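# Observations on the three-dimensional arrangement
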Amino acid sequence: MLKIFKNHPLHKHNTFRIKVSAKFYAVPETSGEIIAILRKYRKPDQDLLIIGEGSNILLTNDFQGLIIRPDIKGIEILDKSSDNAKIKVWAGENWDNFVVYCINNGFGGVENLSWIPGSVGACPIQNIGAYGAEVKNVIESVTGILTDSLEQITFTRDKCNFGYRDSIFKQELKDRFIITNVIFKLSKNPVFNTTYGRLQDELAGNKKIDLQSVRQAVIKIRKDKLPDPDKFGSAGSFFRNPVISKNKFNHLRSDYPDIPSYPVNLQEVKVAAGWLVEKAGWAGKRIGDAGVYNKQALILLNYGSATGNQIKELAEKIIVSVNKKFGIDLQTEVNII
Ligand code: FAD
Ligand code: EPU
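Residues numbered from 1 in each chain as written. Chains lettered and ligands numbered in written order. Predicted model: local features only at pLDDT ≥ 70, side-chain atom pairs only at ≥ 80, totals over all residues. Heavy atoms only, no water.

## What about the pairing of strand E15 (residues 268–271)?
Relative to E15, strand E13 (residues 243–245) runs antiparallel, the two sharing three bridges. Bridge pairing in E15 links serine 245 to glutamate 268. Two strands pair when backbone bridges link them, and strand E14 (residues 261–263) and E15 are joined in this way by three bridges, in the antiparallel orientation. Bridge pairing in E15 places proline 263 opposite valine 269. (Pairing = 2+ DSSP bridges. Helix = DSSP H or I, 4+ residues; strand = E, 2+ residues; numbered from the N terminus.)

Next up, the structure:
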């Protein structure tokens with residue numbers, strides 16, 4: 001039986017905990033159910049939104065169309081005969097449960113991405129990343145359904161246009177392609193990626209580095225840096241770290257020698273948006289129930305009853321003030337709906 005709910009409350013389906021509702025909310029449990037829902041319930045003039053666990057969205061209004069939340073479960077080992085394990089994971093699996101599965105089985109490649117909220121189906125959308133790793137490095141292919149033609153298509157990694165917090169699914173295929181499963185290629189002989197400063201420090205006391213110790217170190221850092229999800233609504237980093245020209249960077253650095261930066265290529269440099277927001281005076285600021293986390297100014301918070309628009313207005317104020325101070329336009333990472 002297809003699971004379709006009318007006027008469905010969404011506060012439990014978005015980590016900002018915005019209290020809005022969806023006119024129609026569908027929870028398909030198979031690819032066939034996704035197709036059946038699109039055939040039966042999708043109207044040409046109606047908006048369509050695909051969501052996972054709602055940890056990278058900001059809802060600003062009641063959603064008047066159809067929300068599809070793919071809840072297809074399953075983890076299948078396709079091949080582990082060589083040095084690698086090829087694993088097919090269905091979209092509705094929780095990302096961190098999959099990370100735990102890999103660690104328990106000795107498969108390396110996702111340990112640095114421990115404790116990132118969300119579903120497996122959403123991990124390719126913004127090419128999730130943390131502590132020196134990005135999910136694109138372990139993705140072999142992404143399969144899903146085109147919402148217009150209902151055709152099933154597989155994108156091999158090179159066709160996904162992965163970039164920093166970016167992919168074809170966030171651009172050309174936004175809201176037009178429902179990811180149903182991802183095939184990962186993991187290593188049975190993991191090489192640990194511990195060059196990220198804070199991770200290196202955290203692991204310095206460990207006699208032995210293994211998948212579990214990397215995971216524990218990452219969780220410790222994340223607990224330190226990120227707001228407690230039981231206390232505050234948030235969607236992680238609200239803005240992306242901006243990439244600017246080397247020229248502009250050299251200019252900025254002469255005024256602010258301590259600006260944190262990461263090389264991108266010969267012409268461009270990435271700068272830390274959290275630092276920009278903090279230096280513009282926003283860390284710990286609060287307007288009503290919308291605020292900026294004091295320990296990490298890249299994270300916007302809902303203290304309780306902020307509306308999506310109040311969070312959005314706060315973000316707009318931050319964008320204007322960072323532009324005024326540094327001449328840099330911050331881009332949002334969170335999907336504003
Ligand atoms: P949702 O928020 O539900 O959706 C996100 C986007 O993906 C939307 O545009 C939606 O339309 C689309 N989408 C979702 N599922 C599908 C699907 N099956 N098919 C097609 N489109 C789909 N991200 C990082 O990269 N690194 C971090 O370190 C990190 N830390 C975070 C910490 C906190 C406390 C929080 C709250 C978030 C953090 N995030 C981080 C952001 C978030 O965890 C990721 O973006 C995650 O992949 C979102 O998954 P989701 O299932 O919640 O997606
Ligand atoms: N910083 C400040 N002030 C702040 C915040 C940060 O000065 O308020 C400085 C830090 O001291 C550090 C630098 O900025 O020198 C970078 O900070 P941090 O290591 O916390 O990482 P980030 O760049 O702010 C990114 C990702 C996170 C990811 C971490 C760890 C983006 C937009 N965010 O944050 O991802 O977990 O690195 O790799 O790239 C997310 O995408 O939602 C997310 C949480």
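Structure shown, so let's carry the discussion forward.
## Details of unusual backbone geometry
Although it is not a glycine, tyrosine 131 sits at a positive phi angle of roughly 50°. Within the fold, tyrosine 131 resides in the loop between strand E8 (129–130) and strand E9 (133–134). By relative accessible area, tyrosine 131 is classed as buried at 12%. At aspartate 175, a residue that is not glycine, the phi angle is positive and equals roughly 60°. (Buried < 20%, exposed > 50% of the residue type's maximum accessible area, 1.4 Å probe, protein only.)

## Regarding the nonpolar core
With 44 residues, the main nonpolar core has Phe238, Leu276, Leu300, Ile311 and Ile318 as its most contacted residues. Elements with a contribution of two residues or more to this core: strand E2 (21–26), strand E4 (57–58), strand E5 (63–68), helix H5 (246–255), E15, helix H6 (273–279), strand E17 (290–292) and helix H7 (308–326). With six residues, H7 is the largest single contributor of residues to this core. No fewer than three residues from each of domain 1 (4–68) and domain 3 (243–336) sit in this core. Ignoring anything within four residues of it in the chain, the contact list for leucine 276 reads Pro242, Ile259, Val271, Val322, Phe326, Ile328 and Leu330. Listed in part, the 41 residues of the second largest apolar core include Ile116, Phe155, Cys160 and Val218. (Core = buried A, V, L, I, M, F, W, Y, C linked by side-chain atoms within 4.5 Å. Domains from an automatic or database assignment. Contact = heavy atoms within 4.5 Å.)

## Some points on the site of ligand 2
Lining the immediate environment of ligand 2, one finds 22 residues, of which Tyr131, Tyr164, Tyr196, Glu278 and Gln296 sit closest. In this structure, an oxygen atom belonging to ligand 2 sits 2.8 Å away from a main-chain N or O atom of serine 237. Take glutamine 296: an N or O atom from its side chain is 2.7 Å from an oxygen atom of ligand 2. The set of elements that each furnish at least two residues to the shell around ligand 2 consists of helix H4 (211–225) and H6. In terms of residue class, the shell around ligand 2 is built from eleven nonpolar, five polar and six charged. (Near = heavy atom within 4 Å. Polar contact = N/O pair within 3.5 Å; in protein donor to acceptor, adjacent residues only side chain to side chain. Nonpolar A, V, L, I, M, F, W, Y, C, P; charged D, E, K, R; others polar.)

## Describing the domain arrangement of the chain
Per the domain assignment, the segments of the chain are domain 1 (4–68), domain 2 (75–187) and domain 3 (243–336). For domain 1 versus domain 3, the separation of C-alpha centres amounts to 30 Å. Taking both sides of the interface into account, the surface hidden between domain 1 and domain 3 amounts to around 940 Å²; carbon and sulfur atoms contribute 55%. Considering only the side of domain 1, the residues that lose the most area to domain 3 are Phe16, Asn56 and Leu58, jointly responsible for 60% of the buried surface there. For the pair domain 1 and domain 3, the interface holds zero salt bridges. One can count four residue pairs in polar contact (both at pLDDT 80 or more) joining domain 1 with domain 3. Considered class by class, the residues forming the side of domain 1 that touches domain 3 number five nonpolar, three polar and two charged. (Buried area = accessible area lost by both parts, 1.4 Å probe. Salt bridge = Lys/Arg side-chain N within 4 Å of Asp/Glu carboxyl O.)

## Describing helix H1 (residues 31–41)
Residues Ser31, Glu33, Ile34, Ile37 and Leu38 constitute the buried set of H1. With its buried residues spanning 160° around the axis, H1 presents them on a single face. Facing away from the buried side of H1, by more than 90 degrees, are the exposed residues Arg39 and Lys40. (Arc of directions from axis to C-beta.)

## Structural notes on the site of ligand 1
The environment of ligand 1 is made up of 31 residues, and the closest members are Ile50, Gly52, Ser55, Asn56 and Ser119. A distance of 2.7 Å is found between an oxygen atom of ligand 1 and a side-chain nitrogen or oxygen belonging to serine 55. A distance of 2.8 Å separates a nitrogen atom of ligand 1 from a polar backbone atom of glycine 129. Those elements that place two or more of their residues in the shell around ligand 1 are E8 and strand E12 (177–187). Here the element with the most residues in the shell around ligand 1 is E12; it accounts for three residues. For the shell around ligand 1, the per-class residue count stands at 14 nonpolar, 13 polar and four charged.

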